[in-house]
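# Residue-level structural notes
Next come the chains, spelled out residue by residue.
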Amino acid sequence: MALTVSSNATVATGMSPVVEGALYADPIWIDGVTFSSKHQIGNAGQIQVVVSEASASALEPKLPGSDFTDTEYSNKVVDINCNNAFLESSKVPNYFGAAMPINVLANKSFEVTEKVRVGRQSSALAVLVKGGTASSNTTAVTAENVKATFIGMRKDLRKNHVHPDVCFCSVDAYSAILEFAGKDFIPMYNDDIARSGRVGLWEGVLVVECDSLDGVSTYKYLDASGTAQSVDISDIEMVMFDHEKFSLIDRLDSLRIVASEHFNGSKVQEELSCGFLVTNSKAVLVKKKGA
């Protein structure tokens, strides 16, 4: 291939074998860290989970040898429905495979998987927010108040006997933490923040920058009846929770490359069915900023 740059000169050109990747939201769902898959059993479309209804009140002491006092058996059953299917199909004509200096099918497979991942991530985040409890603090997070806000959320959860171990932060809230770290410098701890731009554990909680909370206003998911639900996430700054109380179930139904019956080429396809559930609303605290 040649490109004319003047009336008497040409230069050879060629396509780079390196593909510029698209911009995708940061992955935030890590099994055993930011969600639990402990209820995943086989390929069931619906998983029933028994949730204990034990009282939080403490037993009062009695004299040794006293009679037992029976309490009624109590629990509830909640369902995790794997009825959120994420499907993507990408056409790959044979012409492009022959003309491009890259493995087109491999590249498209990566793109399809990333689109499915981001869709799953967004719906899971919507369910987490919808199933949580709203914080009474609606003051916008700043570098001056971010530590007090963070500790206040942790305190509210601990008073309900919750063990918060994860906090998703919007980019603005996360930036306020980084700015606070510069103002309240602690050797070694803040050196690592400055070096990596990551907070990691803060006050005993894993802090995760969640850029999925920025740039969009709503995310959608399908509820147990199959009805589409829209969740407003535009004003959410922090979501602090116990990851054991948020279940995410995955079932990979299809990941394939099939020959097309309509054009000369192939299609890269993926279908992933997921179930999302907050098993205890008290274990998820959602911090929004006021209008």
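Scoring rules and cut-offs
Residues numbered from 1 in each chain as written. Predicted model: local features only at pLDDT ≥ 70, side-chain atom pairs only at ≥ 80, totals over all residues. Heavy atoms only, no water. Pairing = 2+ DSSP bridges. Helix = DSSP H or I, 4+ residues; strand = E, 2+ residues; numbered from the N terminus. Contact = heavy atoms within 4.5 Å. Axes fitted to C-alpha atoms, helices over the stretch in contact; angles between N-to-C directions. Expected span 1.5 Å × (residues − 1). Buried < 20%, exposed > 50% of the residue type's maximum accessible area, 1.4 Å probe, protein only. Arc of directions from axis to C-beta. Core = buried A, V, L, I, M, F, W, Y, C linked by side-chain atoms within 4.5 Å. Salt bridge = Lys/Arg side-chain N within 4 Å of Asp/Glu carboxyl O. pLDDT = per-residue confidence, 0-100. Phe/Tyr/Trp six-rings, centres within 6.5 Å; stacked < 30°, edge-to-face > 60°.

Spatially, six strands are ordered E6-E15-E12-E7-E9-E8 in an open sheet, and the strand pairing comes out mixed. Because the sheet does not close on itself, it has two edges, and the strands there are strand E6 (133–134) and strand E8 (200–202). Bridge count for strand E12 (residues 236–241) against strand E15 (residues 284–288) is five bridges, and the pairing is antiparallel. Across the sheet, Ile-236 pairs through a bridge with Lys-288, a residue of E15. Of the strands in this sheet, E6, strand E7 (166–169), E12 and E15 are in contact with helix H2 (residues 104–131), which crosses E12 at around 80°. In this fold helix H4 (residues 171–183) packs onto E7, E8, strand E9 (205–209) and E12, with an angle of close to 120° to the strand it touches most, E9.

The next point concerns helix H3 (residues 146–158). Taking 1.5 Å per residue as the helical rise, H3 with its 13 residues ought to reach 18 Å, and the 18 Å between its terminal C-alpha atoms agrees with that figure. Of all the residues in H3, the buried ones are Val-146, Thr-149, Phe-150, Met-153 and Leu-157. Seen along its axis, H3 keeps its buried residues to an arc of 100°; they face one direction. Those residues of H3 hidden inside the fold are in contact with E7, H4, E8, E9, E12 and E15.

Judged by nonpolar contacts, the single largest core of 31 residues is most densely connected at Trp-29, Leu-125, Leu-128, Phe-168, Val-239 and Phe-246. Within the residue set of this core, elements represented by two or more residues are H2, E7, strand E10 (218–222), E12, strand E13 (246–259), strand E14 (265–278) and E15. Considering each element in turn, this core owes the most residues, seven residues, to H2. In contact with Val-239, other than residues within four places in its own chain, are Leu-128, Val-129, Val-166, Cys-167, Phe-168, Val-284, Leu-285 and Val-286. Among the nonpolar cores identified, the runner-up in size contains 21 residues, and Val-162, Trp-202, Val-207 and Ala-283 belong to it.

Turning to the pattern of salt bridges, a few remarks are in order. Side chains that carry opposite charge are capable of pairing whenever their charged atoms lie near each other. Within this structure, the stated rule accounts for nine salt bridges. Where Arg-251 meets Asp-253, a salt bridge forms, and the shortest distance between an N and an O atom there is 2.8 Å.

Our focus in this paragraph is the confidence of the model for the protein. Looking at the protein, pLDDT values average 87 and 90% of them are 70 or higher. Within the protein, no element has a lower average pLDDT than strand E1 (residues 2–6), which sits at 52, and none a higher one than E12, at 98.

Looking now at the packing of aromatic side chains. Across all of its chains, the model carries six aromatic pairs by this definition. Between Phe-150 and Trp-202, the aromatic rings sit 4.8 Å apart at their centres with planes inclined by 45°, giving tilted as the arrangement. One end of the pair, Phe-150, is in helix H3; the other, Trp-202, is in strand E8, with 52 residues separating them in the sequence. Of the residues examined, Phe-150 reaches a relative accessible area of 0% and is grouped as buried. Given a relative accessible area of 5%, Trp-202 falls into the buried group. Aromatic pair Phe-168 and Phe-241: ring centres 5.3 Å apart, planes at 70°, arrangement edge-to-face. Note that Phe-168 is positioned in strand E7 and Phe-241 in strand E12, a separation of 73 residues in sequence. The two residues Phe-168 and Phe-241 agree in class, both being buried. Of the aromatic side chains, those joined through ring pairs into one cluster are Trp-29, Phe-35, Phe-168, Phe-241 and Phe-246.

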